[in-house]
Amino acid sequence: MNKKVRVRFAPSPTGGLHLGGVRTVLYNYLFAKKNNGDFIVRIEDTDQSRYVAGAEEYIFDCLKWCGLEPDESVQHGGNFGPYRQSERKDIYKKYAEELIKKGFAYYAFDTPEELERMREDFKSENNPSPQYDNTIRDKMINSLTLSENEVARFIGEGMPYVIRIKVPQNETISFTDMIRGEVQFDSSLVDDKVLLKADGMPTYHLAVVVDDYLMEITHAFRGEEWLPSAPVHILLWKYLFGIENMPQWAHFPLILGPNGKLSKRDGSKYGFPVFAMNWTDPKTGELTEGFKEKGFIPEGFINLLALLGWNDGTEKEVFSLEELIESFSMDRVHSGGAHFDYDKAKWFNHEWIKRSKVSKLRSAIKDLLEKNDLPITDTSMLDKVIALVQERCTLLSDFVDQASFFFKTPEEIDTASIVPKWNDQKQQFFRELIRTYKLTTIWNAHETENALKEIAAVHQLKPGELMLPLRIMLVGGKFGPGVFDIAEIIGKEETILRITNGLKKLSA
RNA sequence: GGCCCGUUCGUCUAAGGGCUAGGACACCACCCUUUCACGGUGGUGAUACGGGUUCGAAUCCCGUACGGGCUACCA
């Protein structure tokens, strides 16, 4: 009874990894770790027509960036492989045929054109999308309507066929969802889903049940969009492996965009990412920006996803991955869909940038600055800069504006903000400030500030009138941390140079 | 159309029958700050509607409305 907890994330490698996908990974991961279980990633690539080069590797890159490493997968190995369904093709056919022998499935020879015609013929106002179900199947070409000889002959002649589940009539199919409680379906309304396609590959419905069984999955979590096909899967469990062996299910609510279902389009439309990392469609070359490249850090990204549909019942909102593992429980996952709020997402990221150790941020920021033509040679200076400005950076990209001027003398400065109150007296003051700074031997924020105040007093100027000009000379604009902290970090020579430059620009 | 899921401030949510419906984001005001942020204080703002059950309902039940998902040889 005390089986080891095993959960799986089963993505189809067809493109970018969506917000909702990462949250599904996260909840799987948290549940597994909370219960000392294993987290498995299984690649569901049974639709060969949807193969996209690089998509599988991309998914693993995203998981790695998020810090959600699987225990078993194509890349991580394990004793339940292969972990790619296309490599398990032979396994599924056996089970499909077992179902036929038991009378729970049948061969169907209808061509795509015939199916299309069926949908046209039976279409009505009351039933705009007819299904291949118990009311239709005896009007179609399948092993229920054909004689045994005909079936054997068709197969012998190599006629393409699929295997469909034969869904019973008038049964109530129900299960207990860990989030929603009891959910019921009327079997008469469930259609005869294809289990094995004409190319010999299973559909999701067969593969998920077979693999969850063979991989000893104990808890199966997926998005709410799968709820309507649950009765098919329950039937399959009953027919193949016994309902008592079925994993416990939970269907996560959907993540919605500002107007309904969140789509890739919403990203470009509303200016926020939808994918975890940059994704370039290999066919069209179209790039879709990811949270990573937008400037999110993994801690922030994970935190915002975790709280989109779950909370621990207290007012705590900022959680590390370790804290999430500790606090997570499936019954506190919401049943209603959640709208994604980019402002709140940024707030989470800001919280994590603020509280991150400099050493954690260093490498990403160094890369970023260097991409912006700012070679960093002095890492200890970079560390000081990061510590000084991190609280005013919401996204990693904010470090470009907040940190650049430490490493590069401003070329343009906001003289317009100085000029209106500029006069000869102030000019004289700054000349003397330069002379004094040149003679200063101990260079730190305290000393430079004192020097300024003393000289200001001599010139009968208020320090307040001088701070803004000095800031603009050093920084270029009206932003950044304390001016004297900046002076201390950029050093004596550079400070004097920038004041000198500033005076030149003001007298020009 | 049918089936399924859902519905508390604009958004994410707390409150598992008892009451000033709490917090966070965003927004506004003030304080702090010799810039910008951080931080602090306060404010605007919600139980979709209608019936029940109950001494008492955001909470339980029914209906309506609204939103979402599914309805492929895609996952």
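Our subject is the structure listed above.
A few points on the structure. Residue positions are given per chain, counting from 1 as you read along its sequence in written order. All chains are assigned letters beginning with A, and all ligands numbers beginning with 1, in the order in which they are written. Whole-chain, interface and lining totals are the exception, using all residues; otherwise, since this is a predicted model, local features are given only for residues with pLDDT of at least 70 and side-chain atom pairs are given and counted only at 80 or more. Side-chain descriptors were evaluated using all non-hydrogen atoms of the structure, hydrogens and water having been removed beforehand.

**A word on the overall build of chain A**
Under the DSSP-based scheme used, a helix requires at least four consecutive residues in state H or I and a strand at least two consecutive residues in state E, with every element numbered from the N terminus. When its secondary structure is counted, chain A shows 20 helices and 14 strands. Compactness check: chain A gives a C-alpha radius of gyration of 32 Å against a globular reference of 23 Å for 508 residues, more than 25% above the reference. Overall, the C-alpha framework of chain A stretches about 110 × 50 × 40 Å when taken along its three principal axes. We call two residues contacting when some pair of their heavy atoms lies within 4.5 Å. For chain A, restricting intrachain contacts to residue pairs at least 6 apart in sequence, the fraction spanning at least 24 positions comes to 72%. When the accessible surface of chain A is totalled, it reaches about 24,500 Å², and 48% of it is carbon and sulfur. To get the radius of gyration, use the C-alpha atoms; to get the globule rule, take the number of residues to the power 0.38 and multiply by 2.2 Å. Here the Shrake-Rupley method, with its probe set to 1.4 Å, supplies the accessible areas, and only the displayed protein chains count as covering residues.

**So, the environment of R498**
Along the chain, the position of R498 falls in helix α20 (residues 492-507). With a relative accessible area of 1%, R498 lands in the buried category. For the pair R498 and N127, spaced 371 residues apart in sequence, the C-alpha to C-alpha distance is 76 Å. Non-local contacts of R498, meaning those with residues more than four positions away in its chain, are made with F405, F406, K408, T409, P410, M473, L474 and I490. Relative accessible area decides the class of each residue, using a 1.4 Å probe on protein chains only: under 20% of the type maximum gives buried, over 50% gives exposed, and in between gives partly exposed.

**Things to note about the sheet that holds strand β4 (residues 162-165)**
Adjacent strands of a sheet pair through backbone hydrogen bonds, lying either parallel or antiparallel. Think of it this way: DSSP has to see at least two bridges between two strands before they count as a pair. Strand order in the open sheet formed by three strands is β3-β4-β7, and the pairing between neighbours is antiparallel. Across the chains shown, the open sheet's two edge strands, defined by having one partner strand only, are β3 (105-108) and β7 (194-196). For this sheet the average axis-to-axis angle between neighbouring strands, irrespective of direction, equals 45°. When β4 meets β7, the two strands line up antiparallel, connected through two bridges. Directly across from I163, in β7, lies its bridge partner L196. Lines fitted to C-alpha atoms define the axes here, with helix axes fitted over just the stretch in contact, and angles between the N-to-C directions of these axes take values from 0 to 180 degrees.

**Quick notes on the sheet that holds strand β10 (residues 255-257)**
The strand order across the open sheet formed by three strands is β11-β10-β14, and the pairing between neighbours is mixed. In this open sheet, the two strands that pair with only one neighbour each are β11 (260-261) and β14 (338-339). Across two bridges, the pairing between β10 and β11 is antiparallel. Opposite G257, over in β11, you have G260 as the bridge partner.

**Looking at the protein's contact with RNA strand B**
Here, proximity means that at least one heavy atom of the residue falls within 4 Å of the molecule or strand. As a structural note, the neighbourhood of RNA strand B is formed by 65 residues, with N126, R180, R392, G464 and G480 the closest of them. The sugar and phosphate moieties of RNA strand B supply 68% of its atoms located within 4 Å of the protein. We define a polar contact as two N or O atoms separated by no more than 3.5 Å, with the added condition that, inside protein, one atom must be a possible hydrogen donor and the other a possible acceptor, whereas residues neighbouring each other in sequence contribute only through side-chain atom pairs. Measuring from a phosphate oxygen of RNA strand B, one finds a side-chain N or O atom of T46 at 2.8 Å. The separation between a sugar or linking oxygen of RNA strand B and a polar side-chain atom of N311 is 2.8 Å. Elements with a minimum of two residues in the surface near RNA strand B: α4 (112-122), β4, β6 (181-186), β14, α12 (342-355) and α18 (463-475). The greatest single-element share of the surface near RNA strand B, amounting to five residues, is contributed by α12. For the surface near RNA strand B, the class distribution of residues is 23 nonpolar, 18 polar and 24 charged. Gly is placed with the polar residues, together with every amino acid not listed as nonpolar (Ala, Val, Leu, Ile, Met, Phe, Trp, Tyr, Cys and Pro) or charged (Asp, Glu, Lys and Arg).

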